[in-house]
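Here is what each chain is made of, one letter per residue.
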Amino acid sequence: MIYGKRVRLRAIEKEDLPQFVAWLNDPEVRRGLSNVIPFSLTSEEKWFEDLQEKPPPEQSLAIEIQPEENGEWVFVGGGGFFDFDWRVRQAEVGIHIGEKKYWDQGFGTRVMRLLLKHGFDTLNLNRISLRVKDNNPRAIRAYEKVGFVEEGLLRQAYFYGGEYVDMHLMSVLRSAWEEL
Ligand SMILES: CC(C)(COP(=O)(O)OP(=O)(O)OC[C@H]1O[C@@H](n2cnc3c(N)ncnc32)[C@H](O)[C@@H]1OP(=O)(O)O)[C@@H](O)C(=O)NCCC(=O)NCCS
């Protein structure tokens, strides 16, 4: 278990999969992600099996939050690193909070801060990057709050809901993160 302030990350269990399928098929959650086609529990189970084959640092994690100070922990989403380049010591990071009632309460920011700490302090990464759609200002704001800066814009790099959407490239370097 990896702890932050009222947020924690734990290994994903098989029992979590139906909940992930429900969240990731929710159009509002999916809008920020890249899975545009509805997907099944069967494909999620295949994803989970593949996950077990990966080295532990490369395995996605379940997100739990404590909505009330010292209250119960609640499973709300998932996140983690992918596309590792261990020689360059870089990876991409991704996150989703599937329980929409917990959006805009600072939990996404806290989780991303915790993922950065884990990425830099435990995995010894030097550069953590992400891609975020221009029509996702909530995510962009959360990322800026923890130190992500824009590196570039991929114009019309995504298509959803009948329109092309620009994609921002953002990153945090270890040196900048240490100064925060
Ligand atoms: C993106 C996500 C992780 C953010 O988590 P969150 O807990 O809602 O975010 P936070 O509350 O920590 O921060 C959101 C910030 O955006 C702001 N915000 C919300 N809607 C906004 C909007 N339309 N325009 C500008 N800012 C907005 C909030 O006010 C808050 O900023 P503040 O603390 O300065 O007031 C979460 O909403 C989510 O999982 N969404 C669905 C999946 C997704 O889009 N994942 C990201 C893919 S790149």
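For the structure itself, look to the data block above.
Here's a quick rundown of the structure.

Definitions and limits used
Residues numbered from 1 in each chain as written. Predicted model: local features only at pLDDT ≥ 70, side-chain atom pairs only at ≥ 80, totals over all residues. Helix = DSSP H or I, 4+ residues; strand = E, 2+ residues; numbered from the N terminus. Rg over C-alpha atoms; globule rule 2.2 N^0.38 Å. Near = placed C-beta within 6 Å. Nonpolar A, V, L, I, M, F, W, Y, C, P; charged D, E, K, R; others polar. Core = buried A, V, L, I, M, F, W, Y, C linked by C-beta atoms within 7 Å. Buried ≥ 20, exposed ≤ 12 C-beta atoms within 10 Å, placed from the backbone. Contact = placed C-beta atoms within 7 Å.

1. Focus on the overall build of the protein
Secondary structure assignment for the protein yields six helices and eight strands. Ordering the α and β elements of the protein from the N terminus gives β-β-α-α-α-β-β-β-α-β-α-β-β-α. Relative to the 2.2 N^0.38 estimate, which gives 16 Å for 180 residues, the radius of gyration of the protein is 16 Å and therefore close to what a compact globule would have. In terms of its C-alpha atoms, the protein occupies a principal-axis envelope of roughly 45 × 40 × 35 Å.

2. As for the environment of Lys14
Take Lys14: it is sitting in the loop between strand S2 (7–11) and helix H1 (17–24). Each C-alpha atom of the pair Lys14 and Phe48 lies 7.4 Å from the other, and the pair is 34 residues apart in sequence.

3. Re the site of the ligand
The immediate surroundings of the ligand are formed by 20 residues, with Gly32, Gly108, Thr109, Pro137 and Arg141 found nearest. Put simply, the parts of the chain that give the shell around the ligand at least two residues each are strand S5 (90–97), helix H4 (107–122) and helix H5 (137–145). Considering each element in turn, the shell around the ligand owes the most residues, five residues, to H5. A per-class count over the shell around the ligand returns ten nonpolar, seven polar and three charged.

4. Side note on the nonpolar core
In terms of nonpolar packing, the biggest core is built from 28 residues, with Ile63, Val111, Met112, Leu115 and Tyr143 touching the most fellow members. Among the secondary structure elements, those contributing two or more residues to this core are S2, strand S3 (61–65), strand S4 (74–85), S5, H4, strand S6 (127–133), H5 and strand S8 (163–173). Setting aside chain neighbours within four positions, we find Leu115 in contact with Gly79, Val93 and Ile95.

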